[in-house]
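Survey of secondary and tertiary structure
One-letter residues, chain by chain:
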Amino acid sequence: MKKTVAILTSGGDSPGMNAAIRAAVRAGLASDMRVVGVKRGYNGLINGDVLEMDLRSVSDIIQRGGTILYTARSPEFLTEEGFNKAILFCNKEKIDGVIVIGGDGSFRGASKMTSAGVPCIGIPGTIDNDIACSEYTIGFDTAMNTAVGMIDKLRDTAQSHDRCSVVEVMGRNCGDIALYTGIAVGATAILVPEVLYDFEKDIIERMKFTQLNGKKHFIIIVAEGVGHVQDIARKIQDRTGIDSRATVLGHVQRGGSPTLRDRVVASEMSAYAIEIFLKGKSNRVVAMKDGKILDYDIAEALIMKKSFSENLYKTAFKISI
Ligand code: ADP
Ligand code: F6P
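Before going into details, it helps to say that this report is about the structure given with it. This structure is a prediction, so every number in the text was calculated from the model and none was measured.

1. Quick notes on empty space enclosed by the protein
Applying the stated criterion to the full structure yields one cavity of 30 Å³ or more. Roughly 30 Å³ of volume is contained in the largest cavity. Taken together, Asp104, Phe107, Ile131, Ala132, Cys133, Val285, Ala301 and Leu302 make up the lining of the largest cavity.

2. Things to note about the site of ligand 1
Among the 15 residues in the neighbourhood of ligand 1, the closest are listed as Arg73, Ser74, Gly103, Gly105 and Ser106. Arg73 places a side-chain nitrogen or oxygen 3.1 Å from an oxygen atom of ligand 1. Separating an oxygen atom of ligand 1 from a backbone N or O atom of Ser74 is a distance of 2.6 Å. Look at ligand 1: alone it shows 550 Å² of surface, and the protein chains cover 78% of it. Most atoms of ligand 1, that is more than half of them, are within 2 Å of grid points of the largest pocket. Of the residues belonging to the shell around ligand 1, the class tally is three nonpolar, eight polar and four charged.

3. So, the sheet that holds strand β5 (residues 120-124)
Spatially, β3-β2-β1-β4-β5-β10-β11 is the arrangement adopted by the seven strands of the open sheet, whose pairing is mixed. Two strands bound the open sheet, and with one partner strand each, they are β3 (50-53) and β11 (292-297). Neighbour to neighbour, the strand axes of the sheet diverge by 30° on average, direction disregarded. As paired strands, strand β1 (residues 4-9) and strand β2 (residues 34-38) are joined by four bridges and run parallel to one another. From the neighbouring strand, Ile7 faces β2, where its bridge partner is Gly37.

4. Examining the site of ligand 2
Every residue close to ligand 2 is listed here: Arg73, Thr126, Ile127, Asp128, Met170, Gly171, Arg172, Glu224, His251 and Arg254. Note that an oxygen atom of ligand 2 is positioned 3.1 Å from one of the backbone N or O atoms of Gly171. Notes on ligand 2: free accessible area 400 Å², of which the protein chains cover 76%. Under a 2 Å grid-point criterion requiring more than half of the atoms, the pocket assigned to ligand 2 is the largest pocket. Of the residues that constitute the shell around ligand 2, the class distribution is two nonpolar, three polar and five charged. Each of domain 1 (4-139 + 258-302) and domain 2 (141-254) accounts for three or more of the residues forming the shell around ligand 2.

5. Some words on the layout of surface pockets
If you add up the space inside the largest pocket, you get close to 660 Å³. What lines the largest pocket is a set of 27 residues, among which Gly11, Gly12, Arg73, Gly105 and Arg172 lie closest to the centre. Top element by residues in the lining of the largest pocket is helix α4 (residues 104-115). It accounts for six residues. Grouping the amino acids of the lining of the largest pocket by side-chain chemistry returns seven nonpolar, 10 polar and 10 charged.

Calculation rules
Residues numbered from 1 in each chain as written. Chains lettered and ligands numbered in written order. Predicted model: local features only at pLDDT ≥ 70, side-chain atom pairs only at ≥ 80, totals over all residues. Heavy atoms only, no water. 1 Å grid on protein atoms, 1.4 Å probe; cavity = no way out; pocket = protein on both sides within 12 Å on 5 of 7 lines; lining within 4 Å. Points joined across faces, edges and corners; volume = space filled by probe spheres on them. Near = heavy atom within 4 Å. Polar contact = N/O pair within 3.5 Å; in protein donor to acceptor, adjacent residues only side chain to side chain. Areas by Shrake-Rupley, 256 points an atom, 1.4 Å probe, with all protein chains shown as cover. Sits in = over half its atoms within 2 Å of the grid points. Nonpolar A, V, L, I, M, F, W, Y, C, P; charged D, E, K, R; others polar. Pairing = 2+ DSSP bridges. Helix = DSSP H or I, 4+ residues; strand = E, 2+ residues; numbered from the N terminus. Axes fitted to C-alpha atoms, helices over the stretch in contact; angles between N-to-C directions. Domains from an automatic or database assignment.

Given below as structure tokens:
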């Protein structure tokens with residue numbers, strides 16, 4: 001009897017999810033498994049919205065953003081009734097395991113399903129890079145490259161007008177997108193939720209110092225978890241007299257063709273997930289540590305603390321003068 005593995009994407013979408021779906025489908029089929037795709041995250045298990053996957057069902061998607069399986073945040077799955085419906089469906093469909101591509105919330109759901117007898121394996125798919133057990137999450141690189149492209153354009157107009165551009169990037173409570181993007185665009189200041197900032201010292205004094213050295217336009221990167229870009233821009237203008245504008249980059253960071261890094265990591269992680277599933281492992285989350293792919297128990301992974309690169313943050317400030 002062939003084993004059946006189901007694949008779903010859950011939570012916010014991220015570029016590279018399609019590459020992950022493709023690799024999981026192909027690796028599963030290559031290992032003589034039946035593979036089904038579940039539509040719209042956990043909702044698909046509740047509503048029985050699944051489709052049979054074959055080799056060609058994932059053709060031409062490695063380069064596409066979004067997720068062909070659609071994604072959702074499923075409030076119904078959080079209820080006892082919804083959750084039981086999902087488990088009942090898995091049993092009825094003889095699903096031996098579920099590959100869940102998503103973030104922390106999705107992994108909590110995966111862990112509950114494993115406890116209820118449906119073995120799950122998680123794969124980190126989110127632009128935020130906020131999964132503590134993994135130094136990398138699928139979509140992070142593409143989102144940052146998108147942000148850098150847009151901020152470079154903002155720099156052109158800020159430079160022409162001698163302005164200050166205050167830009168909010170996504171990341172929920174994680175400052176990684178802001179940190180790396182900020183370095184890549186040569187921001188004068190980078191504000192992240194992990195580090196308390198002093199408005200006068202970290203922004204105004206720095207701007208005034210660089211102004212004395214001839215700098216005339218400025219980019220300030222603000223992580224979503226810090227927010228308030230309009231207020232920050234207004235305060236900068238009041239304190240320095242420099243014309244300032246606020247921009248929230250928003251959901252454009254979640255779309256677009258995945259970068260090479262996202263395609264490769266997604267492919268590696270999915271193939272690995274199928275491999276460990278075949279070995280009988282469950283309640284595991286696939287992760288990257290020191291560039292290598294490995295897996296952790298989901299419960300252990302969920303209590304790990306996400307680290308923030310204070311050194312890189314200090315370096316960013318050191319060189320932005
Ligand atoms: P992400 O996976 O990106 O962190 P969410 O936190 O929105 O996104 O979670 C995605 C979905 O996972 C939720 O809509 C819900 O269906 C499920 N989920 C989240 N938290 C839990 C939980 N504690 N128990 C069971 N399911 C959960
Ligand atoms: O988790 C990805 C993310 O884009 C975050 O950066 C952001 O806080 C959130 O999702 C936005 O979610 P929504 O899709 O509900 O607008």
